[in-house]
Amino acid sequence: TWVSTPRLQATGPASAQDDSRRFGFEADKNPPYLPMALGAGPVTPWQMARPYAVFANGGYLVEPYYIQKIVDDRGNSIALAHPQHAGDPRLRVIDSRNAFTIDSMLQDVTRYGTAARAARLGRVDIAGKTGSAQMVSNAMMAKMSKASKAAYKDNGWFVGFTPRRDPDIIVCVLFQGGEHGALAARLATKVIEAYEDKKNHRPIPNLEPPTEEQASPAPAIHIPAPLPWVVAIMAVTLLVATSKAKQ
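These lines cover the structure that appears in this document, whether it is placed above or below.

How each quantity is defined
Residues numbered from 1 in each chain as written. Predicted model: local features only at pLDDT ≥ 70, side-chain atom pairs only at ≥ 80, totals over all residues. Heavy atoms only, no water. Salt bridge = Lys/Arg side-chain N within 4 Å of Asp/Glu carboxyl O. Helix = DSSP H or I, 4+ residues; strand = E, 2+ residues; numbered from the N terminus. Buried < 20%, exposed > 50% of the residue type's maximum accessible area, 1.4 Å probe, protein only. 1 Å grid on protein atoms, 1.4 Å probe; cavity = no way out; pocket = protein on both sides within 12 Å on 5 of 7 lines; lining within 4 Å. Points joined across faces, edges and corners; volume = space filled by probe spheres on them. Nonpolar A, V, L, I, M, F, W, Y, C, P; charged D, E, K, R; others polar. Phe/Tyr/Trp six-rings, centres within 6.5 Å; stacked < 30°, edge-to-face > 60°. Pairing = 2+ DSSP bridges.

**What about the pattern of salt bridges?**
And then number 1: The tally for this structure, following the rule as stated, stands at eight salt bridges.
And then number 2: A salt bridge links D18 to R21; its shortest N-O distance comes to 3.0 Å. Of the two residues, D18 and R21 are both situated in helix 2 (residues 13–22); the distance of three residues between them amounts to about one turn of the helix.
And then number 3: You can call D18 partly exposed: its relative accessible area is 39%.
And then number 4: For R50, the salt bridge goes to E63, with nearest N and O atoms at 3.0 Å. Within this pair, whereas R50 is found in helix 3 (residues 45–57), its partner E63 is found in the loop between helix 3 and strand 1 (69–71), the two being separated by 13 residues in sequence.

What follows is the structure, encoded as structure tokens:
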């Protein structure tokens, strides 16, 4: 807050709004005001995963898709996705050097910062960022009863990708009422573990909610239990990110 808001004021909210549009965010939902620095505009996990793919694939904004192929009852193909490819100069939105710098910063977050708990896969090549989103303002929260406050806890976020270089997958987790991103980061590692198990033909374990001890970023932070379950986990396989060096 103390850094991002003055930076936005210096560069101009209109300029920042234009940049956000280049990353796939909707301009009408992110008006050019200073609260943009706090992430005040509404976004979905899908919309958050897409710009992180830009950092992962070297600077290209590709359009993700849900369905690769549709066939009829006879096995005939009636619809086929035509994915965009990282490496197409028409899709570049940032310089590859900027993408490299940003994903280096995101890797440090999972090593030393708020997402350090995400690095539990026995590897250090995860890059990502935690976050939280307020449901109501602090002023409104102060006026609420204890029961009402429990219904309006902050949402926790984590978006990340692995491996950091030439990534296979990017995962975005929104944890409703998770209060901070530590729990979301822990759940993201479960998704990545399941993906790795499937890729390596290992049995896929059941995804269980993390315990307080596993997910708490520090002993001083209290995580009430039981917590509501995740309302959205979106894992987007970057089908074209791994081919960026070959195109």
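**Brief notes about unusual backbone geometry**
And then number 1: Residue P163 follows T162 across a cis peptide bond; omega there is -15°.
And then number 2: Mapped onto the secondary structure, P163 falls in the loop between strand 4 (155–162) and strand 5 (169–175).

**As for the layout of surface pockets**
And then number 1: Taken as a whole, the largest pocket encloses approximately 2,100 Å³ of empty space.
And then number 2: Lining the largest pocket are 41 residues, and of these M36, A37, L38, G39 and M48 lie nearest its centre.
And then number 3: Top contributing element to the lining of the largest pocket by residue count: strand 3 (residues 127–133), with five residues.
And then number 4: For the lining of the largest pocket, a count of residues per class yields 23 nonpolar, 14 polar and four charged.

**Observations regarding the packing of aromatic side chains**
And then number 1: Scanning all chains against the criterion turns up three aromatic pairs.
And then number 2: Between the aromatic rings of W46 and Y66, the centroid separation amounts to 4.4 Å while the plane-to-plane angle is 15°, which identifies the pairing as stacked. Remark: Y66 occurs in the loop between helix 3 and strand 1 and W46 occurs in helix 3; sequence separation between them is 20 residues.
And then number 3: Since its relative accessible area comes to 18%, W46 is described here as buried.
And then number 4: Relative accessible area serves as the criterion here: at 64%, Y66 is assigned to the exposed category.
And then number 5: Where Y52 meets F55, the ring centres are 5.7 Å apart and the plane angle is 75°; that geometry is what we call edge-to-face. Here the residue Y52 and the residue F55 both occupy positions in helix 3, the gap between them amounting to three residues, near one helical turn. Of the two residues, Y52 and F55, both sit in the buried class.

**Quick word on the pairing of strand 4**
And then number 1: Among the eight residues of strand 4, eight are classified as buried, and the element is accordingly described as predominantly covered.
And then number 2: Side-chain alternation along strand 4 places N155, W157, V159 and F161 on one buried face and G156, F158, G160 and T162 on a second face that is also buried.
And then number 3: Sheet topology note: the strand 3/strand 4 ladder contains seven bridges and is antiparallel. The residue bridging K129 from the neighbouring strand is V159, located in strand 4.
And then number 4: As defined by bridge partners, strand 4 adjoins strand 5 across seven bridges and the pair is classed as antiparallel. Counted as the bridge partner of V159 is C172 from strand 5.
And then number 5: Taking the residues between adjacent antiparallel strands as the criterion, strand 4 and strand 5 are bridged by six residues, where D166 takes a positive phi near 60°.

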